[in-house]
Amino acid sequence: MNKKVITIGSATMDVFVECDEANVVSVCSKNKNSDFMSYPYGSKIDISTFSSNVGGGGVNTACNFGNLGFETSAIFKIGKDFYSEGILDFFKSQKVNLKHIIQKDNVSTGFSIILVSFQGDRTVLAHRGANANIKEDEINFEAIKDADFMYVAPLNGDSNKVLEPIVEYAQKHGTKICFNAGTTSLKKGFKHIKHILNVADIVVMNKEEASLATEIVVRPDTKTEKFSHDTIHVDIKAMLNKLKVRDYQIIVITDGKKGAYAYDGNKYYFCPVYPSEVISTLGAGDAFASTFCASINRTNFDIGKSLMYASINSASVVSKFSATEGLLKFEKIEDILKHNKEYTYYIC
């Protein structure tokens, strides 16, 4: 019997825009370097590439779990408008049960304009809409109780208020929790996020999120500690240690092009990025985090191998324009691994 997973997170209609005239401007100061996307001020600029797709953390991860063979249902909130019709139509081709979604006529569906640079990175102009307004009494808690595990994608705005009730309910009823923290939670500080960490079985954050959660900054002048063939920064190691607050818990920190790290309380793992052409990085984090969570049972809790599964699926996603177009099935991921035996992970 397939494992049952339920996701909760955002759903948006995403419009992708790429312009040949867009520039990437780098600004340096004493303490940091920043990159900005710029356009000629006051000009009318031709769009070279345009497309619209459905996205959002709740949508992207639900599609991934369904594609990987899980019996998947989703909780997200949308309005009753033009954009919600597009989202519902999209799911007709996905293996996701939508009977637990929330649809209201007094809110607008989430909407994003995604400006894609020639380097593949993107700047997102986001209207949260219904995504920031999920209420506790709108959630079907029985659906959480019925699932083998629950994947919690970032919850924005007032929706963050449902985070503690749903994870506490899941833990009480034996539903495993995979937690991908959002900025709203992290800005409240480590004391707040620790309540969630105390019940989460798997926690995935990117380096910037982990820094915000732990208040540990990765210093460029700090010595590294060596893996077999690669290195782990001592500040990232400190982040992993601080985020792990309970036994039988796995902490994962992704670091963009550098790869990903994991810690289970006994060993530190490093997995380099699987190489691929980068078209758009949108959805890469969702693909990585949800694939890692999905792969743990598939690999019999082989953390290093699960990191490789996640990296391969994420690499496939960034090679396509939308956040879900490149998602792979387990069989394809395993075939890629079979034919690329030089790709591996390292244990510290």
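Residues numbered from 1 in each chain as written. Predicted model: local features only at pLDDT ≥ 70, side-chain atom pairs only at ≥ 80, totals over all residues. Heavy atoms only, no water.

A.B. asks: Now, about the overall build of the protein: what can you tell me, with residues and values included?
C.D. replies: For the protein, the count of helices and strands is 11 helices and 20 strands. What you see for the protein is a C-alpha radius of gyration of 20 Å, in line with the 20 Å of a compact globule of 348 residues. Considering only C-alpha atoms, the protein reaches an extent of 50 × 50 × 45 Å along its principal axes. Buried residues in the protein amount to 53% of all 348 residues. Long-range pairs, those at least 24 residues apart, make up 70% of the contacts in the protein between residues at least 6 apart in sequence. Summing over all exposed atoms, the protein offers an accessible surface of approximately 16,800 Å²; the carbon and sulfur share of this is 48%. Side chains of the protein carry 40 positive and 40 negative charges; the gap between the two charge centres is 5 Å. (Helix = DSSP H or I, 4+ residues; strand = E, 2+ residues; numbered from the N terminus. Rg over C-alpha atoms; globule rule 2.2 N^0.38 Å. Buried < 20%, exposed > 50% of the residue type's maximum accessible area, 1.4 Å probe, protein only. Contact = heavy atoms within 4.5 Å. Areas by Shrake-Rupley, 256 points an atom, 1.4 Å probe, with all protein chains shown as cover. Lys, Arg positive; Asp, Glu negative; His and termini not counted. Charge placed at Lys NZ, Arg CZ, Asp CG, Glu CD.)

A.B. asks: Now, about the sheet that holds strand E8 (residues 96-97): what can you tell me, with residues and values included?
C.D. replies: Reading across the sheet, the 10 strands line up as E8-E6-E1-E12-E13-E14-E17-E18-E19-E20 and stay open at both edges, with mixed pairing between neighbours. Looking at strand neighbours, the two that pair on one side only are E8 and strand E20 (346-347), the edges of this open sheet. As paired strands, strand E19 (residues 268-271) and E20 are joined by 2 bridges and run antiparallel to one another. Opposite Tyr 269, over in E20, you have Ile 347 as the bridge partner. On top of the sheet, helix H4 (residues 163-172) reaches strand E1 (4-8), strand E12 (149-152) and strand E13 (176-180); it is set at about 160° to E12, its chief contact. In the packing of helix H7 (residues 207-214) onto the sheet, the strands contacted are E13, strand E14 (202-206) and strand E17 (250-254), and the crossing angle to E14 comes to about 105°. (Pairing = 2+ DSSP bridges. Axes fitted to C-alpha atoms, helices over the stretch in contact; angles between N-to-C directions.)

A.B. asks: Describe the side chain of Ser 306, and please don't skip the residues or the numbers.
C.D. replies: Structurally, Ser 306 is set in helix H10 (residues 303-318). Judged by relative accessible area, Ser 306 falls into the buried class, the value being 0%. What Ser 306 contacts, discounting residues up to four positions off in sequence, is Phe 292, Ser 295, Ile 296 and Thr 299.

A.B. asks: Could you give an account of the layout of surface pockets, naming the residues involved and the relevant values?
C.D. replies: Of the voids in this model, the second largest pocket is the one considered here, and its volume is about 390 Å³. Around the second largest pocket sit 17 residues that line it, and Lys 176, Asp 201, Ile 202, Ile 296 and Phe 301 are the ones nearest its centre. At the level of secondary structure, the elements contributing two or more residues to the lining of the second largest pocket comprise E13 and helix H9 (284-298). Residue composition of the lining of the second largest pocket, by class: 8 nonpolar, 3 polar and 6 charged. (1 Å grid on protein atoms, 1.4 Å probe; cavity = no way out; pocket = protein on both sides within 12 Å on 5 of 7 lines; lining within 4 Å. Points joined across faces, edges and corners; volume = space filled by probe spheres on them. Nonpolar A, V, L, I, M, F, W, Y, C, P; charged D, E, K, R; others polar.)

A.B. asks: So what's going on with the pattern of salt bridges? Which residues, and what values?
C.D. replies: Taken as a whole and judged by the stated rule, the model has 10 salt bridges. The residue Arg 246 makes a salt bridge to Asp 201 at a minimum N-O spacing of 3.7 Å. Residue Arg 246 is located in the loop between helix H8 (234-243) and E17, and its partner Asp 201 is located in the loop between helix H6 (190-197) and E14; the two are separated by 45 residues in the primary sequence. What makes Asp 201 buried here is its relative accessible area of 14%. As a salt-bridge pair, Arg 219 and Asp 235 come within 2.7 Å of each other at their nearest N and O atoms. A residue pair is termed long-range when its members are at least 10 positions apart, and Arg 219 in the loop between H7 and strand E15 (224-226) and Asp 235 in helix H8 qualify at 16 residues. (Salt bridge = Lys/Arg side-chain N within 4 Å of Asp/Glu carboxyl O.)

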